[in-house]
Amino acid sequence: MLLPEKAFSEVIDRTPLVSIDLIIMNDNQEFLLGLRKNRPAAGFWFVPGGRVLKNERLEAAFRRLTENELGTQFSLSEARSIGNFEHFYENSVFSESISTHYIVLAYMLRSADLKSLPSEQHEAYRWLRKTDLLASQDVHEYSKAYFRGADFTK
């Protein structure tokens, strides 16, 4: 069950949120990034992902998020954990004056078969090589953090 906007805004203001970010690699060893529409991180290229809902098991959250963010449902067992991260933003989806704190569970998936990527959260998508995304000023630093020192060839 989703909270009304006012109640959720208070939650964001007072507690960290748990989210899952998806590092998607295709057969050309390029990674999927979406141009974010909404705060936080609006206007930046960012890996797909989203928050875990109250009383939602991680497997169910993973299936829901891959369906919503990629247009294709994947199981958590198909992914590889690359670690836990923290994201701190000065704004939130609701307000410039409410900060957001995420605890992020990052997972990598190999997939080249993404045919219809959803447009709810992202204006556009692109595939970039690790070196190119790390060099880009338009890729958000929190997305770059997943790639620094990581070996995705395993």
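A short tour of the structure in this document, coming up. Worth saying up front: this structure is predicted, and the values here are computed from it rather than measured.

Between its first and last C-alpha, helix H2 (residues 58-70) extends 17 Å over 13 residues, near the 18 Å set by a 1.5 Å rise per residue. Restricting attention to buried positions, one finds in H2 the residues Ala61, Phe62, Leu65, Thr66, Glu69 and Leu70. Along the axis of H2, the buried residues cluster in a sector spanning 125°; they form a single face. Tucked inside the fold, the buried residues of H2 contact strand E1 (17-25), strand E2 (30-36), strand E4 (49-51), strand E6 (100-110) and strand E7 (122-129). The positive-phi residue at the C-terminal boundary of H2 is Gly71, with phi of around 80°.

This part covers the environment of Gln73. On the secondary structure map, Gln73 appears in the loop between H2 and strand E5 (80-89). Of the residues examined, Gln73 reaches a relative accessible area of 43% and is grouped as partly exposed. For the pair formed by Gln73 and Asp138, sequence separation is 65 residues and the distance between their alpha carbons is 28 Å. Here Gln73 is in contact with Arg63, Thr66 and Glu67, once residues within four sequence places are set aside. Of the polar contacts made by the side chain of Gln73, one reaches the side chain of Arg63; its length is 3.3 Å.

Let us look at the side chain of Glu69. Mapping Glu69 onto the fold places it in helix H2. For the buried Glu69, no salt bridge exists, and the shortest N-O distance to an oppositely charged side chain is 5.9 Å, to Arg36. At 3.1 Å, the side chain of Glu69 and the backbone nitrogen of Gly49 are in polar contact. Apart from residues lying up to four places away in sequence, Glu69 is in contact with Leu22, Pro48, Gly49, Leu117, Pro118, Gln121, His122 and Tyr125.

This part covers the packing of aromatic side chains. Per the stated rule, a full pass over the model turns up 6 aromatic pairs. Between Phe31 and Phe147 the ring centres are 4.8 Å apart and the planes differ by 70°, which places this aromatic pair in the edge-to-face class. A residue pair is termed long-range when its members are at least 10 positions apart, and Phe31 in strand E2 and Phe147 in the segment after helix H4 (141-145) qualify at 116 residues. Residue Phe31 is classed as buried on the basis of its relative accessible area of 3%. By relative accessible area, Phe147 is classed as buried at 0%. When the ring of Tyr89 is compared with that of Tyr102, the centres are 6.1 Å apart and the planes differ by 85°; the resulting orientation is edge-to-face. Residue Tyr89 is located in strand E5, and its partner Tyr102 is located in strand E6; the two are separated by 13 residues in the primary sequence. Residue classification places Tyr89 among the buried positions, given a relative accessible area of 11%. A connected cluster of aromatic rings, assembled from ring pairs, spans Tyr89, Tyr102 and Tyr142. Sitting over the ring of Trp45, Arg126 keeps its end group 4.1 Å from the ring centre.

Procedures and definitions
- Per chain, residues are indexed from 1 in the order of the written sequence.
- It should be noted that, the model being predicted, local features are given only for residues of pLDDT at least 70 and side-chain atom pairs only at 80 or more, the latter also being counted only at that level, while totals for whole chains, interfaces and linings use all residues.
- Hydrogen atoms and water are omitted, and side-chain values are computed over all heavy atoms in the structure.
- Only DSSP runs of H or I with at least four residues qualify as helices, and only runs of E with at least two residues qualify as strands; both kinds are numbered from the N terminus onward.
- Helix span, as expected, comes to 1.5 Å for every residue beyond the first.
- Burial classes follow relative accessibility: with a 1.4 Å probe on protein chains only, a residue under 20% of its type's maximum area counts as buried, one over 50% as exposed, and anything between as partly exposed.
- Here, the arc refers to the directions that run from the helix axis to the C-beta atoms.
- Working rule for contacts: check all heavy atoms of both residues, and any pair within 4.5 Å makes them a contact.
- Polar contact criterion, stated in full: a pair of N or O atoms within 3.5 Å, where within protein one must be able to donate a hydrogen and the other to accept it, and residues adjacent in sequence count only if both atoms are side-chain atoms.
- Positive charges are assigned to Lys and Arg, negative charges to Asp and Glu, while His and the chain termini are left out of the count.
- The rule for a salt bridge is simple: a side-chain nitrogen of Lys or Arg has to be within 4 Å of a carboxyl oxygen of Asp or Glu.
- Ring geometry is summarised as follows: Phe, Tyr and Trp rings, the Trp one being its six-membered ring, pair when their centres sit within 6.5 Å, and such pairs are stacked at plane angles under 30 degrees, edge-to-face over 60 and tilted between the two.
- A ring is scored as having a charge over it whenever the NZ atom of a lysine or the CZ atom of an arginine sits within 6 Å of its centre and within 35 degrees of its normal.

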